[in-house]
Amino acid sequence: MPTLRALYACLSLLCALPFLAVPAHAQQQSSTYSSDELVQQGHGFFGEVSRGLALSIEKAVNQWGQPNGYILGQEGSGAFVGGLRYGDGTLYTRNAGDLKVYWQGPSLGWDFGGDGARTMILVYNLNGINDIFRRFGGISGSAYFVAGFGMTALASDNIVVVPIRSGVGVRLGANIGYLKFTPAATWNPF
């Protein structure tokens with residue numbers, strides 16, 4: 001989609017953070033990722049927002065344990081009461097390989113503004129790589145002017161995804177919504 005690429009090109013101008021996605025080493029025996037491994041991947045991906053990244057990963061690991069996959073990508077969103085979010089990235093797993101994924105979703109609530117973000121999504125309880133292609137619902141909120149960092153959790157059945165975002169823009173609000181993961185880009189958030 002040429003228009004989706006144009007949106008991402010505009011967002012990359014807003015995000016002055018370097019993009020470096022290094023997949024996890026395949027020679028390790030464990031099927032999950034430790035906090036240290038996730039922080040190392042995030043340091044290269046997010047750049048200098050390391051303290052916020054480390055704290056977010058530590059909180060997620062304390063609450064849900066070690067993830068068995070993660071996604072590194074970028075996204076853009078905007079809202080005026082109702083909002084939309086679009087993103088793309090690569091899902092990394094130890095046992096099933098890597099997979100290009102896209103996500104989109106609507107939101108509704110007290111939410112205003114727009115942002116572009118680098119996103120690391122921790123994935124828990126993923127049985128098969130294609131199990132990511134579904135809707136994950138939850139409640140989220142954000143508050144930042146110019147730059148910010150945040151974490152939310154969304155669930156579907158027993159699979160939990162935890163987006164950790166480092167974004168730029170102007171955003172304030174709380175909303176309810178979902179993310180729908182797809183194997184191809186689409187403008188349809190439903």
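Worth saying up front: this structure is predicted, and the values here are computed from it rather than measured.

Caption draft 1: Molecular detail of the overall build of the protein. The helix and strand inventory of the protein stands at 3 helices and 5 strands. Helices and strands appear in the protein in the N-to-C order α-α-α-β-β-β-β-β. Accessible surface, the protein as shown: approximately 9,000 Å² in total, 60% of it carbon and sulfur.

Caption draft 2: Geometry of the pattern of salt bridges. Applying the stated criterion to the full structure yields 5 salt bridges. In this structure, the salt-bridge partner of Arg94 is Glu37, at a minimum N-O distance of 2.4 Å. Taken together, the residues span a long stretch of sequence, with Arg94 in the loop between β1 (69-93) and β2 (98-124) and Glu37 in helix α2 (residues 35-46) at a distance of 57 residues. Each member of the pair Arg94 and Glu37 is classed as buried.

Caption draft 3: Just the pairing of β1, in detail. Within β1, 18 of the 25 residues are buried, which leaves it mostly tucked inside the rest of the structure. With 23 bridges joining them, β1 and β2 adopt antiparallel strand pairing. Looking at β2, one finds that Tyr92 is bridged to Asp98. Hairpin connection of β1 to β2: 4 residues between the antiparallel strands, including Gly97 at a positive phi of 85°.

Caption draft 4: Up close: a nonpolar patch on the surface. A cluster of nonpolar side chains, contributed by Phe80, Val81, Leu108, Ile139 and Ile176, occupies part of the molecular surface with about 560 Å² of accessible area. Among the structural elements, Ile176 can be located in strand β5 (residues 159-182).

Caption draft 5: Expanded view of the packing of aromatic side chains. Here the structure, examined in full by the defined rule, presents 8 aromatic pairs. The interplanar angle of 85° and the centroid separation of 4.9 Å between the aromatic rings of Tyr33 and Tyr70 together place this pair among those described as edge-to-face. One end of the pair, Tyr33, is in the loop between α1 (2-14) and α2; the other, Tyr70, is in strand β1, and 37 residues separate them in sequence. Plain terms: the ring middles of Tyr86 and Trp187 are 5.1 Å apart, the flat faces sit at 65° to each other, and that makes the pair edge-to-face. Highlighted residues: Tyr86 in strand β1 and Trp187 in the segment after β5, separated in sequence by 101 residues. On the basis of relative accessibility, which here comes to 35%, the residue Trp187 falls in the partly exposed class.

Caption draft 6: Structural context of the nonpolar core. Within the largest apolar cluster, 16 residues are counted, with the highest numbers of intra-cluster contacts made by Leu38, Ile57, Tyr70, Met120, Leu122, Tyr124 and Val162. Listing elements by their share of this core, those giving two or more residues are α2, α3 (50-64), β1, β2 and β5. Ranked by the residues each element gives to this core, the list is headed by α3, at 4 residues. Core analysis: the next-biggest nonpolar cluster, separate from the first, contains 15 residues, Val101, Val123, Leu126 and Val161 among them.

Caption draft 7: Fine view of the environment of Asp36. Locating Asp36 in the fold gives a position in helix α2. Using a relative accessible area of 60% as the deciding quantity, one classes Asp36 as exposed. C-alpha separation for the pair Asp36 and Ala54, spaced 18 residues apart in sequence, amounts to 8.7 Å.

Caption draft 8: Inspection of the confidence of the model for the protein at higher detail. Summary statistics for the protein give a mean pLDDT of 78 and a share of 75% for residues scoring 70 or more. Note that pLDDT drops below 50 for residues 1-28; the model gives that stretch 47 contacts with residues more than four away or on any other chain.

The rules behind these values
- Residues numbered from 1 in each chain as written.
- Predicted model: local features only at pLDDT ≥ 70, side-chain atom pairs only at ≥ 80, totals over all residues.
- Heavy atoms only, no water.
- Helix = DSSP H or I, 4+ residues; strand = E, 2+ residues; numbered from the N terminus.
- Areas by Shrake-Rupley, 256 points an atom, 1.4 Å probe, with all protein chains shown as cover.
- Salt bridge = Lys/Arg side-chain N within 4 Å of Asp/Glu carboxyl O.
- Buried < 20%, exposed > 50% of the residue type's maximum accessible area, 1.4 Å probe, protein only.
- Pairing = 2+ DSSP bridges.
- Patch = residues over 30% accessible without salt bridge, like charges linked within 9 Å, V, L, I, M, F, W, Y side chains within 5 Å.
- Phe/Tyr/Trp six-rings, centres within 6.5 Å; stacked < 30°, edge-to-face > 60°.
- Core = buried A, V, L, I, M, F, W, Y, C linked by side-chain atoms within 4.5 Å.
- pLDDT = per-residue confidence, 0-100.
- Contact = heavy atoms within 4.5 Å.

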